[in-house]
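A look at the structure
Single-letter residue listing:
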Amino acid sequence: MLYRNHFVRNLSDIGSRSRCLQRRNNNKYWFSLSFRTATTLPDLNIERSDHICQIKETLQAQIQKYHDKIASLSRSELNAKNLLLLPIRHSQQYSYQSHLLSLLQNVSPHKHIRDTCVQMNQELSKFCIDMSMRRDVYNQYKIYYDEIYKQQEESAMDNEWKRLLHMLLRDYRRNGLGLNEKDYDKMKELSKRISELSIIFNNNLSLWNPKFTFTREQLKGMDEDWLHIRYNGKESDDYKVTLQYPDYMPIMDKCEVESTRAKMELEFHSRCKVENSRIIEEVIALRQMRSELLGYANHSDYICEIRMAKTSQRVSQFLQNLWNRIQDLSQRDLEVLLQLKKADKAKCGETFDGEFGVEFTHIYNIYLYMYIMKLCLFNQFPKKNIYTYIYFFFFFCGLFARYYMNQRVEKDCKIDNEKLREYFPLELVIRGCFDIFQQLFGLKIVPVQGVSSKLWHEDVQAFELIDGKKETVGYFMLDLHPREGKFSHACMTTLQQGCSIYDHDGQRTGSQVPMNVMICNFPKPTPNKPCLLSHNEVTTFFHEFGHVMHQLCGQPNLARFSGPNFLTIFFFFQSEDFVETPSQMFENWCWDKESLDMMSGHYKDNNKKIPDELIKGIQQSRKINSGLHHTRQLYFGMLDQYIHSGKFDIHQENTEQLCARLSESIWGVKATENTNFLATFSHLVGGYDATYYGYLWSEVISFDMFRTKFGKGKLLDQTVGLLFRDKVLKWGGSKDGMELVTNFLGREPKMDAFLKEKGLELEMEE
Ligand SMILES: [Zn+2]
């Protein structure tokens, strides 16, 4: 019943048709390590560790071989065929093996396989870093670029090959290979020191675990179960509480006693204040020195160079512009919340101080929070890391809002999340989502049968994506339920990149289809109840499925430009940030009545659609508090840019003073005294520096594309869908994100649609 709209093909059917296709391209059958059809689907149900080790050894040997070959070329042999075709053919031929290890590390049901994959991936990644630092190889590219490419080969070269050459040289330069020996050594010293400091910073945080005692009265509002676990003993009225997330978050969430929340907030945000403040200040200075050595004005310029924004100046302009346009509304949000606080205080007979502090932090989406906590039970990572991930997750998703922001949501738009969940049985969500994408992009999704023994778990299903000419576009697999040791969040991961197949002479002889896997952790159905999703989970499904389609619809010639290269749960992990924008745009389908009707229906009677008032409620909740929510995001983004753009001067003010100043001037909320946000925020030392703005940047662009082109009533319009495929998805990473967006929109992106969607501009006009 689940896939009643899709016809089912059997294996021999797929095999013969695809082989015909291959024959037409190639004039001969093609068998290689990469797989093209379901019949050549390799065994993904790997149980022997030595197979994993063999794959890693093969990969390593091949990478070594082509690097040695390049290093040994004589000057007369320096040409595109030798310097570019070698890495191009390598990425195509070993695409599947390179991604298999990452996939199995995250999904294999066998612990020994996951462990071996972790170890092999670590060794491989270290090996690849060593290869990328080879000066003998870099010199060959440099000579080729300066003396041969520019004079003889540039004009005739394919655009994607040119882009690859530029990226290779850019990455070598960013690694410091363009520096003289002395500066190169200095740069390596700086990088080493930064990475040592980051480790100490994070260790300080994870070892910081004081315990506090509260009375039952001080914990008013907390659940009995939660209290029971923390109870000190029969004789006393004491409860022991730590700063770990299972203690801290529910208190900030539910505790009705303000002084308890304030105490926890102060303790939480003053963790490691002395030692970590010193560390972050040193890291900021070292990063500035390193970027200057590499020829950049500041660290943010170094980071932004490989992102859509390109320069820190453009990022600053963007943040400032957005702030100018929403600060009035944010101010108005604050006033509404202050009135709520005033009423609350009057009810308790307490004095109203007329101020807002960050001690009112509160997660207003308790359901998603509980869901994430549940997933942690299945996590393969050490617990202390998990809490960091959750913290990270909430920060970037912007799910932290304040106690009174939540009160406002409850007051102004009542949503019964549990009732809403009854309308989202997983089967209907999948079917609706498939139908929407099939309609929009003129494609067909067909389950692949007879391959279950080759898949790693019985929960996994494989599908083929077919275009209007009945040709294979790609394959994807869904692995949707949690199990022990499985990656515990949601993501899409590549299994094989889609690209052209080149022969030894650089002639295109056919194509390799892309293949990927979508990993989620929705609860398993029980005999009495199907798996029911929250609205947030439905949005997650759409977001991740957007990544699946983004990669499968791409038709670049080079494997490097097919889809993301690794797990995409947080887009800040990626250099090419555009990869998140289409998925963020697809989330909009989850807020529209017509598409919601397509993917929902009460689990007891699928014909019963979500009541209008519930849909209105979720649409309204998207806009509420948005002024304040976004100025908070702007505060983090601007703070991150400020410290990484060479403006921070320790002789003028320290990081604690800086946070206090910017929190009040940008967000309008006073930082709690004696706290330093920068001393507790591990991600700005841990590799996600100067990229916080990306959350807002990508949101603004995705709303612009959605509102301008798909707008009202065009959510299922195939003409627009095909235009999006043609102007954006088709190119994969072979063009700059900004170029793709501009081509699709017919102009540069603007922020009006974003402001309107959030209710910001509309409110300002009143
Ligand atoms: Zn994503």
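Entered under Sequence similarities (unreviewed entry) in the UniProt record, the comment concerning the chain runs "Belongs to the peptidase M3 family."

Observations regarding the overall build of the chain
Helix and strand counts for the chain stand at 32 helices and eleven strands. Here the chain holds 766 residues, and the buried ones make up 57% of them. As displayed, the chain has an accessible area near 32,400 Å², and 49% of this comes from carbon and sulfur atoms.

Looking at the pattern of salt bridges
Inspection of every chain in the model, using the stated rule, returns 41 salt bridges. Between K593 and D612 there is a salt bridge, with its nearest N and O atoms 3.4 Å apart. With K593 in helix α23 (residues 593-598) and D612 in helix α24 (residues 612-621), the pair connects residues that are 19 residues apart, well separated along the chain. Judged by its relative accessible area of 35%, K593 is partly exposed. Judged by its relative accessible area of 43%, D612 falls in the partly exposed class. In this structure, the salt-bridge partner of E739 is K735, at a minimum N-O distance of 3.8 Å. Through salt bridges with shared partners, a single network forms among K56, E57 and E123.

Points about the coordination of the zinc ion
With distances of 2.1 to 2.5 Å, the protein atoms coordinating the zinc ion are H543 (NE2), H547 (NE2), E580 (OE) and E580 (OE). In this structure, the zinc ion is surrounded by four donor atoms whose angles at the metal cover 54 to 136°, and the resulting shape is irregular. Between consecutive donors of the zinc ion, the numbers of intervening residues give the motif H-x3-H-x32-E. Here E580 lies in the loop between α21 (535-552) and α22 (581-586) and H547 lies in helix α21, a separation of 33 residues in the sequence. For H547, a relative accessible area of 2% gives the class buried.

A look at the packing of aromatic side chains
As enumerated under the stated definition, the model contains 36 aromatic pairs in all. Relative to Y239, the ring of Y231 lies with its centre 5.2 Å away and its plane at 40°, an arrangement referred to as tilted. Judged by centre distance (5.5 Å) and plane angle (70°), the ring pair of F636 and Y692 falls under edge-to-face. Of this pair, F636 sits in helix α25 (residues 626-643) while Y692 sits in the loop between α27 (677-680) and α28 (694-710); the two residues are 56 residues apart in sequence, bridging distant segments of the chain. An identical accessibility class is assigned to F636 and Y692; each is buried.

A look at the nonpolar core
Formed by 114 residues in total, the largest nonpolar core has its most connected members in F541, F545, W589 and F724. Residues within four places of W589 in sequence aside, it is in contact with I436, L440, F542, S595, L596, M599, F706, F710 and L715. Among the nonpolar cores identified, the runner-up in size contains 36 residues, and L83, Y138, Y141 and L164 belong to it.

A few points about the sheet that holds strand β5 (residues 444-447)
Read across the open sheet, the five strands follow the order β5-β6-β7-β11-β8; overall the sheet is mixed. Two strands lie at the open edges of the sheet, namely β5 and β8 (491-496), each paired on one side alone. Adjacent strand axes in the sheet meet at a mean angle of 25°, parallel and antiparallel pairs treated alike. Of the strands in this sheet, β5, β6 (461-466), β7 (472-479), β8 and β11 (515-519) are in contact with α21, which crosses β11 at around 175°.

Focus: the packing of helix α2 (residues 49-71) against helix α4 (residues 85-93)
For the pair α2 and α4, interaxial distance at closest approach is 10 Å and the crossing angle is 170°. As far as their axial angle goes, α4 and α2 are roughly antiparallel. Residues L59, Q62, I63, Y66, K69 and I70 of α2 lie in contact with α4, whose contacting residues are L86, P87 and H90. When the residues that make up the contact of α2 with α4 are grouped by side-chain class, the tally is six nonpolar, two polar and one charged.

Remarks on the side chain of E464
Mapped onto the elements, E464 comes out in strand β6. Under the relative-accessibility criterion, E464 is labelled buried at 0%. Only 2.7 Å separates the side chain of E464 from the side chain of T472, close enough to count as a polar contact.

Topic: the state of the cysteines
Applying the stated criterion across every chain yields a total of zero disulfides. Note on C117: no disulfide assigned, nearest cysteine sulfur contributed by C53 at a separation of 8.9 Å. Judged by relative accessible area, C117 falls into the buried class, the value being 0%.

Structural notes on α24
Every buried residue belonging to α24 is among L614, I615, G617, I618 and S621, and all of these are buried. All buried residues of α24 lie within an arc of 155° about the axis, which places them on one face of the element. Across from the buried face of α24, at angles greater than 90 degrees, the exposed residues are E613 and K616. Buried residues in α24 make contact with α19 (417-421), α21 and α23.

Observations concerning the confidence of the model for the chain
For the chain, per-residue confidence averages 83 on the pLDDT scale, and 84% of positions sit at 70 or higher. Contacts for the low-pLDDT stretch residues 762-766, under 50 throughout, to residues beyond four places or in other chains number five contacts.

Focus: the environment of A753
Along the chain, the position of A753 falls in helix α31 (residues 752-757). Separated by 46 residues in the primary sequence, A753 and R707 place their C-alpha atoms 6.1 Å from one another. Aside from chain neighbours lying at most four places away, what touches A753 is F703, D704 and R707.

Regarding the packing of helix α11 (residues 245-254) against helix α12 (residues 258-269)
Interaxial distance between α11 and α12 falls to 9 Å at its minimum, and their mutual angle equals 135°. With respect to their mutual orientation, α11 and α12 come out oblique. Between α11 and α12 lies a crossing whose hand is left-handed. Listed contacts from α12 to Y245, Y248, I251 and M252 of α11 are T260, R261, M264, E265, F268 and H269.

Topic: the side chain of S198
Looking at the element boundaries, S198 is found in helix α9 (residues 181-207). What makes S198 buried here is its relative accessible area of 10%. A polar atom in the side chain of S198 sits 2.8 Å from the backbone oxygen of I194.

A few points about the pairing of strand β1 (residues 211-215)
In regular strands, side chains alternate between the two faces of the sheet. Because side chains alternate across β1, one face comprises the buried residues F212 and F214, and the other comprises K211, T213 and T215, none of which is buried. Bridge analysis of β1 against strand β2 (residues 238-242) gives five bridges, and the strand direction is antiparallel. If you follow K211 over to β2, its bridge partner there is T242.

Analysis parameters
Residues numbered from 1 in each chain as written. Predicted model: local features only at pLDDT ≥ 70, side-chain atom pairs only at ≥ 80, totals over all residues. Heavy atoms only, no water. UniProt positions renumbered as here; feature names shortened; annotations may be inferred. Helix = DSSP H or I, 4+ residues; strand = E, 2+ residues; numbered from the N terminus. Buried < 20%, exposed > 50% of the residue type's maximum accessible area, 1.4 Å probe, protein only. Areas by Shrake-Rupley, 256 points an atom, 1.4 Å probe, with all protein chains shown as cover. Salt bridge = Lys/Arg side-chain N within 4 Å of Asp/Glu carboxyl O. Donors = N, O, S within 2.8 Å, 3.2 Å for Na, K, Ca; no water. Tetrahedral: all angles 85-135°; square planar, octahedral: opposite > 155°, others 65-115°. Phe/Tyr/Trp six-rings, centres within 6.5 Å; stacked < 30°, edge-to-face > 60°. Core = buried A, V, L, I, M, F, W, Y, C linked by side-chain atoms within 4.5 Å. Contact = heavy atoms within 4.5 Å. Pairing = 2+ DSSP bridges. Axes fitted to C-alpha atoms, helices over the stretch in contact; angles between N-to-C directions. Parallel < 35°, antiparallel > 145°, perpendicular 65-115°, else oblique. Nonpolar A, V, L, I, M, F, W, Y, C, P; charged D, E, K, R; others polar. Polar contact = N/O pair within 3.5 Å; in protein donor to acceptor, adjacent residues only side chain to side chain. Disulfide = S-S within 2.5 Å. Arc of directions from axis to C-beta. pLDDT = per-residue confidence, 0-100. Left-handed = near helix turned anticlockwise from the far one by under 90°.

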